[in-house]
Amino acid sequence: MELFTYCRSVAAHRVRIVFNYKAIPYSSKFVRLESDGGAAHQFRALNPQGLAPVLVHDGQVITQSMAIMEYLEEQVATRPMMPAGCCERARVRSLAQMFISDIQPLHSMRVLRYLRDRQAMSEQQLDKWFEYWIRIGLEAAEVRLSSEPETGVYCHGDQPTLADACLVPEVHLAMQRGQDLSAFPTVRRIYRTCMTLGSFQAAAPETQLDAMPEPVQILSA
């Protein structure tokens, strides 16, 4: 399996967690997504959106982090990250989508770049934008995780699921940006529990080869 990834991509972060937790071997292909032109031409041949992550496996190209994570779950039965029951699986997907669909898109690099370059928003205004949407999203997540009986040591029960793989990158980014998360004790507890696991630690942005001072070869615009 080849994973086209970028250290600062929240979406790629969550996919790396699943790869690590399920102990699936893969090779990383690093893509630089920061420039205005997006990813390199050869990368856009795989994903016309020019976004990471992208998984290539047995000639199949799979885009979108949730599709990749569920593909890995279906391909490799060991260390499952989805519960067995239909209702339980729906809850995990629902929690995951809160982070994937309702929080992360509003602070993605291309959105912030548009607000900066096209709407002339200052860095201070961008910080407020980021903090607002993270707070709104985590407030809802905190209510659910603190009140629903299905919550356990992790987002759902006492084993990591795809919901945890989606929660951790959001909290990690918010902490890196210095956001006050004291209003979300359950979210923070689950994050801390996840981060005791080597599979979650090894997926962190700062540990990736393309985050190093002299990274391996990177596809860039």
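Note: the structure precedes this text.
Computed from a prediction, not measured in an experiment: that's the story for all the values here.

Reading the values: rules and limits
Residues numbered from 1 in each chain as written. Predicted model: local features only at pLDDT ≥ 70, side-chain atom pairs only at ≥ 80, totals over all residues. Heavy atoms only, no water. Core = buried A, V, L, I, M, F, W, Y, C linked by side-chain atoms within 4.5 Å. Buried < 20%, exposed > 50% of the residue type's maximum accessible area, 1.4 Å probe, protein only. Helix = DSSP H or I, 4+ residues; strand = E, 2+ residues; numbered from the N terminus. Arc of directions from axis to C-beta. Contact = heavy atoms within 4.5 Å. Pairing = 2+ DSSP bridges. Phe/Tyr/Trp six-rings, centres within 6.5 Å; stacked < 30°, edge-to-face > 60°. Lys NZ or Arg CZ within 6 Å of the ring centre and 35° of its normal.

Within the largest apolar cluster, 46 residues are counted, with the highest numbers of intra-cluster contacts made by Met-69, Leu-72, Leu-138, Leu-162, Leu-167 and Val-187. Here this core gets eight residues from one element, more than from any other, and that element is helix 7 (residues 162–176). By size, the runner-up hydrophobic cluster in this structure holds five residues, among which are Phe-4, Val-31, Phe-43 and Val-54.

By the burial criterion, the buried members of helix 8 (residues 185–194) are Thr-186, Val-187, Ile-190, Tyr-191, Thr-193 and Cys-194. What you see down the axis of helix 8 is that its buried residues fit within an arc of 165°, all on one side. The inward-facing, buried residues of helix 8 abut helix 6 (123–147), helix 7 and helix 9 (198–201).

Another point: the pairing of strand 3 (residues 54–57). Across the two faces of strand 3 the burial is the same, with Val-54 and Val-56 and Leu-55 and His-57 all buried. Alignment of strand 1 (residues 2–5) against strand 3, held across three bridges, turns out to be antiparallel. Residue Phe-4 lies in a different strand from strand 3, and its bridge partner there is Val-54. Taken together, the four bridges between strand 3 and strand 4 (residues 60–63) define a ladder with antiparallel strand orientation.

For any pair of aromatic rings, the description rests on two quantities: the centre-to-centre distance and the angle between the ring planes. What the rule picks out here adds up to four aromatic pairs. Relative to Trp-133, the ring of Tyr-132 has its centre 4.9 Å away and its plane inclined at 80°; by these criteria the two rings are edge-to-face. Among the residues examined, Trp-133 registers a relative accessible area of 26% and is labelled partly exposed. For Arg-79, the ring lying beneath its charged end belongs to Tyr-21, and the centroid distance is 3.9 Å.

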